[in-house]
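# Observations on the three-dimensional arrangement
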Amino acid sequence: MRVRKTPASILCHDGQPADGLYIVLRGRINLVRAVDGNRDLILSSLGPGEVFGENCAMPGMVMSTTAVAAVQSEMLRIPGEALSEHLRREPETVVRLMRLQYEKLREVEAVASGLALCDVEQRLRRTLARLARRQGRRNPASAGWILAPVPTQSELARMVGSCRETVSRTLSAMARNGLVSGSGRRMILNDSLVNETT
């Protein structure tokens, strides 16, 4: 079943069971964890081809994050019962789901270690490089990657555990150094930034 969501629409809440496995077809979905007060941290940003809600096939499991549409998005939802039945018929799919869980865990570990060990610029560089590799495309006009639509500065701040103003200043400095350029909802990242070790 296809599901369309407008920006800021919530698909699944932290602490509640997922109602299905979602495959992102178009747009971007943020997996968010609430922290103190009204603040939250974006632990992962999913684009086309990526999935969430896979725990719906495991009885008693709940979402560990809230899934929020960042932009106009379209997903394919596979009900939990249908996924469970598929897993019984095709057990090799379990291995694929375990690999997805492992990749998500590695991403969350990278976010956590970045928050503890890196300054804002390092965290922002790593985040932009990770987004470009997962959701961007090569720029045919020059050496670099196109990320579109690029997350807003507020979203980037929530991804790196900072504030929008600091992210804005950091992006300006990165632009002066030739690492990023662009306008509006599109950013071009220099190859050297994307190829940095994360």
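Parameters at a glance
- Residues numbered from 1 in each chain as written.
- Predicted model: local features only at pLDDT ≥ 70, side-chain atom pairs only at ≥ 80, totals over all residues.
- Heavy atoms only, no water.
- UniProt positions renumbered as here; feature names shortened; annotations may be inferred.
- Helix = DSSP H or I, 4+ residues; strand = E, 2+ residues; numbered from the N terminus.
- Salt bridge = Lys/Arg side-chain N within 4 Å of Asp/Glu carboxyl O.
- Buried < 20%, exposed > 50% of the residue type's maximum accessible area, 1.4 Å probe, protein only.
- Expected span 1.5 Å × (residues − 1).
- Polar contact = N/O pair within 3.5 Å; in protein donor to acceptor, adjacent residues only side chain to side chain.
- Pairing = 2+ DSSP bridges.
- Contact = heavy atoms within 4.5 Å.
- Axes fitted to C-alpha atoms, helices over the stretch in contact; angles between N-to-C directions.

On to the UniProt feature "domain: Cyclic nucleotide-binding" (unreviewed entry) in the protein chain, then. Cross-referencing UniProt, the feature "domain: Cyclic nucleotide-binding" (unreviewed entry) maps to residues 1-104 in the present numbering. Structurally, residues 1-104 is divided into 22% helix and 38% strand, and its ends, taken at the C-alpha atoms, are 24 Å apart.

A separate point is the pattern of salt bridges. Within this structure, the stated rule accounts for 15 salt bridges. One salt bridge connects Glu74 with Arg2, and the closest N-O pair in it is separated by 2.9 Å. Residue Glu74 is located in strand E8 (residues 73-79), and its partner Arg2 is located in strand E1 (residues 2-5); the two are separated by 72 residues in the primary sequence. In this structure Arg2 comes out as exposed when scored by relative accessible area, which is 54%. For the salt bridge of Arg138 with Asp191, the shortest nitrogen-to-oxygen distance reads 2.5 Å. Here the residue Arg138 occupies a position in strand E9 (residues 137-138), and Asp191 occupies one in helix H6 (residues 191-194), the gap between them amounting to 53 residues. Owing to a relative accessible area of 16%, Asp191 belongs among the buried residues under this scheme. Each of the salt bridges in this network shares a partner with another, and the network as a whole consists of Arg2, Arg4, Arg26 and Glu74.

Quick look at helix H3 (residues 120-135) now. Its 16 residues give H3 an end-to-end C-alpha distance of 22 Å, which sits within 8% of 22 Å, the value for a rise of 1.5 Å per residue. All buried positions along H3 are accounted for by Val120, Arg123, Leu124, Arg125, Thr127, Leu128, Ala129, Arg130, Leu131 and Ala132. Where H3 begins, the capping side chain belongs to Asp119, and its oxygen is found 3.2 Å from the backbone nitrogen of Glu121.

Within the open sheet, the 4 strands sit side by side as E1-E8-E3-E6. Their pairing is antiparallel. Each edge of the sheet is formed by a strand with only one pairing partner; in this case those strands are E1 and strand E6 (51-52). With 4 bridges joining them, E1 and E8 adopt antiparallel strand pairing. What sits directly across from Arg4, in E8, is Glu74. Those strands touched by helix H1 (residues 80-89) are strand E3 (20-26) and E8, and its axis lies near 60° from that of E8.

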